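Listed here are the chains, written in short residue letters.
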Amino acid sequence: MNNNSNIINNINEIIKIFDNSKKIIISTHFNPDGDAIGSALALWNYFKINNKDALIIIADDVPKNMQFLEGANKILKFNPKTNLHHIKQADLIILEDMNDYSRSVMLADELQEANAQKIVIDHHIGMNINSNNSLIDSNSSSTGELIWRIFSQISDFKLTKAIAEALYVAIATDTGNFRFPKTTAVLHRIIAELIEGGANPNYLYENVYNQNSFTQMRLLGRALSNLKLLYQGKVCLMALSEKDFRETQTNYRDTEFFVEKTLSIEKVKIGILISEVYQRGEFKISLRSKDDYNVQKVAFALGGGGHINAAGITLKSQSMDNAIDTVLRNIQQIV
Ligand SMILES: [Mn+2]
């Protein structure tokens, strides 16, 4: 594994490869977020106006709150029968917001084995893909910011509304709406250009964030009313049982933004959400933290994965109490 966090190759070389490629595939990680989808669509819209044959193929469905973006309805969910041939025939594959083939799960082998030239554009550490022309910068807020860095060096680049909206969503979602640590003055200048290019912050926020269902909010109500503080108030535990989901007609997928709420409580450094997936005898665990509290360690110890401040685990367990015990025993190591 290459642990360089910055592999900034010649951006002009990347632009030349864009120019010389005829069949382009853009792909990103499973369970795609706003940065993954927004960055893919920014590239796709750029290639489209430049009359390039480009396709986005991913391992998942496009999240509901990203479907309004221009081109989102053209994104293909990987299917070996209907679209594998596109990957095989491509002369360029752009992998963005990921740096390890395993992040694209069922697509991983197909992408790795494809003959096409590959470009990785990403802001995570731990680059694990062989590529001579990549743009990796872990000091960057988002992949969207890196895509902008490339676009801004294209001499005849024209910022369209579709590109501006896609990049705005990419950057806004990966910076928690411009409040995470990598939110810089430079980034705000980029955002200013995107707004001038047609991105409307209010419209985009409404479409991306204010799309919760009524049942989801009732589930959140339950989650909040049962919160527990542990370890002198440093750890906050949120737990949702099968009963909670059943009685609110929801499921574990409806909890996407819940665990972040725990970190809004004063003094809390680590937030835990445990959701029971009754049908499978599983518990989905989401961990979030602040500062140096390393929840990745806990996730790794229990067979999960993630980053220092955000990680996840799927745990087989007899009961909710057992699952909580297991997680807390490991949390103890990092508090
Ligand atoms: Mn990202």
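Model, not experiment: these values are computed from the prediction.

Caption draft 1: Looking closely at the overall build of the protein. Summing up its helical and strand segments, the protein has 12 helices and 13 strands in all. Against the globule reference of 20 Å for 335 residues, the protein gives a C-alpha radius of gyration of 21 Å, in line with a compact fold. Over its C-alpha atoms, taken along the principal directions, the protein stretches across nearly 60 × 40 × 40 Å. By the burial criterion, 51% of the 335 residues in the protein qualify as buried. Residue pairs in contact within the protein that sit at least 24 positions apart in sequence constitute 65% of those at least 6 positions apart. In the structure as shown, the protein presents an accessible area of about 16400 Å², 46% of it carried by carbon and sulfur atoms. In the protein, which carries 35 positive and 37 negative side-chain charges, the distance between the mean positions of the two groups comes to 3 Å.

Caption draft 2: Looking closely at the domain arrangement of the protein. Here the protein is described as being made up of domain 1 (6-208) and domain 2 (214-331). The straight-line distance from the C-alpha centre of domain 1 to that of domain 2 is 30 Å.

Caption draft 3: Main features of the coordination of the manganese ion. Coordination of the manganese ion by the protein involves Asp35 (OD), Asp97 (OD), His123 (NE2) and Asp174 (OD), with metal-donor separations of 2.1 to 2.3 Å. Sequence spacing among the residues donating to the manganese ion works out to D-x61-D-x25-H-x50-D. Note that histidine 123 is positioned in the loop between β6 (117-122) and β7 (135-137) and aspartate 174 in helix α6 (residues 161-174), a separation of 51 residues in sequence. Relative accessible area serves as the criterion here: at 18%, aspartate 174 is assigned to the buried category.

Caption draft 4: Spatial organisation of the pairing of strand β9 (residues 235-240). Where burial is concerned, most of β9 is hidden: five out of the six residues are buried. Bridging between strand β8 (residues 228-230) and β9 involves three bridges; their strand directions are antiparallel. Considered in β9, the bridge of leucine 229 is made with cysteine 236. Between β8 and β9, which pair antiparallel one after the other, the connecting turn spans four residues, and tyrosine 231 there sits at a positive phi close to 50°.

Caption draft 5: A look at the sheet that holds strand β10 (residues 270-277). Here six strands make up an open sheet; going across it, the order is β8-β9-β10-β11-β13-β12 and the pairing mixed. Each edge of the open sheet carries a strand with a single partner, namely β8 and β12 (305-306). For strand β11 (residues 282-289) and strand β13 (residues 310-316), the ladder comprises seven bridges, and the chain directions are antiparallel. Across the sheet, residue glutamate 282 finds its bridge partner in β13, namely lysine 316. Its contacts with the sheet place helix α12 (residues 320-331) against β8, β9, β10, β11 and β13, and it is angled at close to 155° to β10.

Caption draft 6: Fine view of helix α5 (residues 143-151). Taken across its nine residues, α5 has eight buried, putting it largely inside the fold. Here α5 has its buried residues at Thr143, Gly144, Glu145, Leu146, Ile147, Trp148, Ile150 and Phe151.

Caption draft 7: Examining the nonpolar core more closely. Core analysis: the biggest nonpolar cluster contains 51 residues, and Phe18, Phe47, Phe151 and Leu194 have the highest contact counts within it. Not counting chain neighbours up to four residues away, the residues in contact with phenylalanine 47 comprise Phe18, Ile24, Ile26, Lys52, Ala54 and Ile94. The next biggest cluster of nonpolar side chains, apart from the first, holds 23 residues, and it includes Phe283, Leu287, Ala311 and Leu328.

Caption draft 8: Structural view of the pattern of salt bridges. Applying the stated criterion across every chain yields a total of 12 salt bridges. A salt bridge links glutamate 242 to arginine 246, with the shortest nitrogen-to-oxygen separation between them at 2.9 Å. Here the residue glutamate 242 and the residue arginine 246 both occupy positions in helix α10 (residues 242-248), the gap between them amounting to four residues, near one helical turn. We note a salt bridge from lysine 243 to glutamate 247, for which the minimum N-O separation is 3.7 Å. Of this pair, lysine 243 and glutamate 247 both sit in helix α10, four residues apart, which is roughly one turn of that helix. Judged by its relative accessible area of 45%, lysine 243 falls in the partly exposed class. Three or more residues joined by partner-sharing salt bridges are found here, namely Arg222, Lys243, Asp244 and Glu247.

Caption draft 9: Region of the structure containing unusual backbone geometry. Within the chain, glutamine 232 stands out as a residue other than glycine whose phi angle is a positive 50°. The residue glutamine 249 is not glycine, and still its phi comes out positive at about 55°.

Caption draft 10: Spotlight on helix α1 (residues 11-20). Taken residue by residue, α1 has Ile11, Ile14, Ile15, Ile17 and Phe18 as its buried positions. The arc enclosing the buried residues of α1, seen along the axis, measures out at 160°, which places them on a common side. Turning to α1, the residues buried within the fold contact β2 (23-27), α2 (34-49), β5 (92-96), β6, β7 and α5. Looking at where α1 begins, the residue whose side-chain oxygen comes 2.9 Å from the main-chain nitrogen of asparagine 12 is asparagine 10.

Caption draft 11: Just the packing of α6 against helix α7 (residues 185-196), in detail. Relative to each other, α6 and α7 sit at 150°, their axes nearing to 9 Å. The angle between α6 and α7 falls in the class roughly antiparallel. In terms of crossing hand, the pair formed by α6 and α7 is left-handed. For the pair α6 and α7, contact is made by Ala164, Leu167, Tyr168 and Ile171 and by Leu187, Ile190, Ile191, Leu194 and Ile195, respectively. Among the residues making up the contact of α6 with α7, the classes are represented as nine nonpolar, no polar and no charged.

Conventions we followed
Residues numbered from 1 in each chain as written. Predicted model: local features only at pLDDT ≥ 70, side-chain atom pairs only at ≥ 80, totals over all residues. Heavy atoms only, no water. Helix = DSSP H or I, 4+ residues; strand = E, 2+ residues; numbered from the N terminus. Rg over C-alpha atoms; globule rule 2.2 N^0.38 Å. Buried < 20%, exposed > 50% of the residue type's maximum accessible area, 1.4 Å probe, protein only. Contact = heavy atoms within 4.5 Å. Areas by Shrake-Rupley, 256 points an atom, 1.4 Å probe, with all protein chains shown as cover. Lys, Arg positive; Asp, Glu negative; His and termini not counted. Charge placed at Lys NZ, Arg CZ, Asp CG, Glu CD. Domains from an automatic or database assignment. Donors = N, O, S within 2.8 Å, 3.2 Å for Na, K, Ca; no water. Pairing = 2+ DSSP bridges. Axes fitted to C-alpha atoms, helices over the stretch in contact; angles between N-to-C directions. Core = buried A, V, L, I, M, F, W, Y, C linked by side-chain atoms within 4.5 Å. Salt bridge = Lys/Arg side-chain N within 4 Å of Asp/Glu carboxyl O. Arc of directions from axis to C-beta. Polar contact = N/O pair within 3.5 Å; in protein donor to acceptor, adjacent residues only side chain to side chain. Parallel < 35°, antiparallel > 145°, perpendicular 65-115°, else oblique. Left-handed = near helix turned anticlockwise from the far one by under 90°. Nonpolar A, V, L, I, M, F, W, Y, C, P; charged D, E, K, R; others polar.

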